[in-house]
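# Structural overview for review
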Amino acid sequence: MSSGEVATMLGVSEATLSRWRFEGSGPQYLKLGARRKSVVSYRREDVLSYLQECERQATACRSGSE
């Protein structure tokens, strides 16, 4: 899945996803390609797993905040 698709699914901006990647939080992701031309991609099962974890953590989850 693209960053845009995941951002829409989680109800956050792409900038928030980028910040989460930098901070080491949010759903797991893949970085494909050369360093400067890399593409960030997400596996659907990783995003769904992240959502399940958030469901259990309730207020500790950051998926609904920016």
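All of these numbers come straight from a predicted model, not from anything done at the bench.

### Structural notes on the overall build of the chain
Scanning the chain for helices and strands turns up three helices and two strands. Helices and strands appear in the chain in the N-to-C order α-α-β-β-α. Each of the 66 residues in the chain was classed as buried or not, and the buried ones make up 30%. Across the chain, every contact between residues at least 6 apart in sequence was considered, and the portion connecting residues at least 24 apart equals 43%. Carbon and sulfur atoms provide 48% of the accessible area of the chain, an area that totals close to 4700 Å².

### Thoughts on the environment of serine 38
Residue position: serine 38 is located in the loop between strand E1 (30-32) and strand E2 (39-41). Ignoring sequence-local partners within four residues, the contact set of serine 38 consists of Lys31, Leu32 and Gly33.

### Thoughts on the environment of serine 18
Looking at where serine 18 falls in the secondary structure, it is placed in helix H2 (residues 14-23). Residue classification places serine 18 among the partly exposed residues on the basis of a relative accessible area of 34%. Considered as a pair, serine 18 and serine 3 are 15 residues apart in the sequence and their alpha carbons are 8.6 Å apart.

### A closer look at the packing of aromatic side chains
Summed over all chains, the structure comprises two aromatic pairs. Note on tryptophan 20 and tyrosine 50: the rings are 6.1 Å apart at their centroids and 50° apart in plane angle, and the pair reads as tilted. Here tryptophan 20 is found in helix H2, whereas its partner tyrosine 50 is found in helix H3 (residues 44-57), with 30 residues between them in sequence. For the pair tryptophan 20 and tyrosine 50, a shared accessibility class is recorded, and that class is buried. One residue, arginine 21, lies across the ring of tyrosine 29, its end atom 5.7 Å from the ring centre.

Calculation criteria
- Once a new chain begins, its residue numbering starts again from 1 and follows that chain's sequence as written.
- Only residues with pLDDT of at least 70 get local features here, since the model is predicted, and only at 80 or more are side-chain atom pairs given and counted; chain-wide, interface and lining totals rely on the full set of residues.
- Note that water and hydrogens are dropped before the side-chain values are worked out from all heavy atoms of the structure.
- A helix here means a DSSP run of H or I that spans at least four residues, while a strand means a run of E at least two residues long, and both kinds are numbered starting from the N terminus.
- Summary of the burial criterion: residues with accessible area below 20% of their type's maximum are buried, those above 50% are exposed, and those between are partly exposed, where the area comes from a 1.4 Å probe applied to protein chains only.
- We call two residues contacting when some pair of their heavy atoms lies within 4.5 Å.
- Per-residue and other accessible areas follow the Shrake-Rupley method at a 1.4 Å probe size, with only the shown protein chains counted as cover for residues.
- Ring pairs shown here join Phe, Tyr and Trp side chains whose ring centres sit within 6.5 Å, with only the six-membered ring taken for Trp; geometry is labelled stacked below 30 degrees between planes, edge-to-face above 60, and tilted in between.
- Remark: a charge is flagged as sitting over a ring if the NZ atom of Lys or the CZ atom of Arg is within 6 Å of the ring centre and within 35 degrees of the ring normal.

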